[in-house]
Amino acid sequence: MTSKTFLFTSESVTEGHPDKVCDQISDAILDEFLTKDPSSRVAAETTATTGMVLVCGEITSNCYVDIPQVVRNTIKNIGYTGTASGGFDADTCAVLTSIDEQSVDIAGGVNKALESRSDSSITSTSETSNIGAGDQGIMFGYACNETPELMPLPISLAHKLAYRLAQVRKENILNYLRPDGKSQVTVEYIDGKPSRIHTVLISTQHSPEINGITDNSKIQSIITRDLKEFVIDYVFETESIKPDSDTIILINPSGRFVVGGPQGDTGLTGRKIIVDTYGGYSRHGGGAFSGKDPTKVDRSAAYAARYVAKNIVASGLADKCEIELAYAIGKAEPVSIFVDTFGTGKISDDDISALVSKTFDLRPAAIISNFDLRNLPAKNGGKFYQKLAAYGHVGRTDIIVPWEQTDKAELLKKSLTDSFALC
């Protein structure tokens, strides 16, 4: 039988990418409101371009937040200051705001669900059990056994490269780097399993000169040498699958990357949703995360779907699993739950779906309560969602994220033993 071989590619971006700048600003605003008033309703959208940031949206809260100061602090933390600002400076950029309150029509359905739960077999704690979903929509969660964190290998590697690229800049290991950057990894699969690294691509913003050198060809040679040593080799040192002699390494393939960040490309919240999740390896419902409080199921239910999928894979019920959840605005119960294990399930997808309904409470209030989503910023020094806004909302290992727990895996195994016969 002939083996099936294919290539799959995922990308990541650094925190200085213009869209990620906006994501971090929106989530920094959310962090600040939830820290001061955990009941805040926040939908903050940000756009950034040369010399300007615009924050708009709907916010209802019992506290005051100095939004312009939050914006400037976030930009400064990313690194757009002084000579590295490139036309977008934390201290001098204009910050415009246009904020309204949440629509009373939306609030009416969110504050109290338009239906009540018919059974009480699963109860949520500490929060009203029947708040409604903040919007209609579909959300996907995914997990697979390709990496220790149960993420697809291409996006896992792309995030690690982007994270390391920012690290060597911030720690002044490579002092000529500027905040904007991208990574991309292509993995060759054989019969559905990662086999080798086909291509590694990094594009990084840099100073127009390095140690007095202004010749661009020499500058790119220095960057290529340094990124291979301090980024690519560093990241792959601990990986089980490493680049080989045939792996294609591309660094700044455009030949020059001096103008970047919001000066080079206007940024917008929510425009990197594939980077935020599974790198295209799993489907996506289309809803962005950043700037949205937990009543927005675009965010909270996507986290819950990841939690469900990860626990299913961690339990051994499947090698890979995708969960789709659908909600209606104002209603608490999901409209539908769909499980797909792509033929890797130890029992049928229908039986796994029944286990999901039995084991997980997927009403918005239960998700908020079980993950403590309103209080995570205060418990993390006022910064939690902002940290998620770069390098992925799922699969994180550098920070403690409640939906990455596998505490339901043993329960799923027990339910399997009690209720179903192994195939």
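Given the structure is predicted, the values throughout are model-derived calculations rather than measurements. (Residues numbered from 1 in each chain as written. Predicted model: local features only at pLDDT ≥ 70, side-chain atom pairs only at ≥ 80, totals over all residues. Heavy atoms only, no water.)

A. Looking closely at the packing of helix α8 (residues 297–315) against helix α10 (residues 364–371). Close contact between α8 and α10 brings their axes to 10 Å; oriented N to C, the two are set at 70°. Between α8 and α10, the angle is such that the two are roughly perpendicular. The handedness of the crossing between α8 and α10 is left-handed. Across the interface between the two elements, V297, S300, A301, Y303, A304 and Y307 of α8 pack against P364, I367 and F371 of α10. In the contact of α8 with α10, the residues fall into eight nonpolar, one polar and no charged. (Axes fitted to C-alpha atoms, helices over the stretch in contact; angles between N-to-C directions. Helix = DSSP H or I, 4+ residues; strand = E, 2+ residues; numbered from the N terminus. Parallel < 35°, antiparallel > 145°, perpendicular 65-115°, else oblique. Left-handed = near helix turned anticlockwise from the far one by under 90°. Contact = heavy atoms within 4.5 Å. Nonpolar A, V, L, I, M, F, W, Y, C, P; charged D, E, K, R; others polar.)

B. Examining the packing of aromatic side chains more closely. Taken as a whole and assessed by the stated rule, the structure comprises 15 aromatic pairs. With a centroid separation of 4.9 Å and an interplanar angle of 5°, the aromatic rings of F6 and Y189 are classed as stacked. Within this pair, whereas F6 is found in strand β1 (residues 5–13), its partner Y189 is found in strand β6 (residues 177–190), the two being separated by 183 residues in sequence. Overall, the relative accessible area of 0% leaves Y189 in the buried class. (Phe/Tyr/Trp six-rings, centres within 6.5 Å; stacked < 30°, edge-to-face > 60°. Buried < 20%, exposed > 50% of the residue type's maximum accessible area, 1.4 Å probe, protein only.)

C. Spotlight on the sheet that holds strand β5 (residues 137–144). Across the sheet, three strands lie side by side as β5-β10-β11; this open sheet has antiparallel pairing. The sheet terminates laterally at β5 and β11 (336–340), the two strands that pair on one side only. When the angles between neighbouring strand axes are averaged without regard to direction, this sheet yields 15°. Sheet analysis places strand β10 (residues 320–327) next to β11, joined by five bridges and oriented antiparallel. Of the residues in β11, the one forming a bridge with L325 is I337. (Pairing = 2+ DSSP bridges.)

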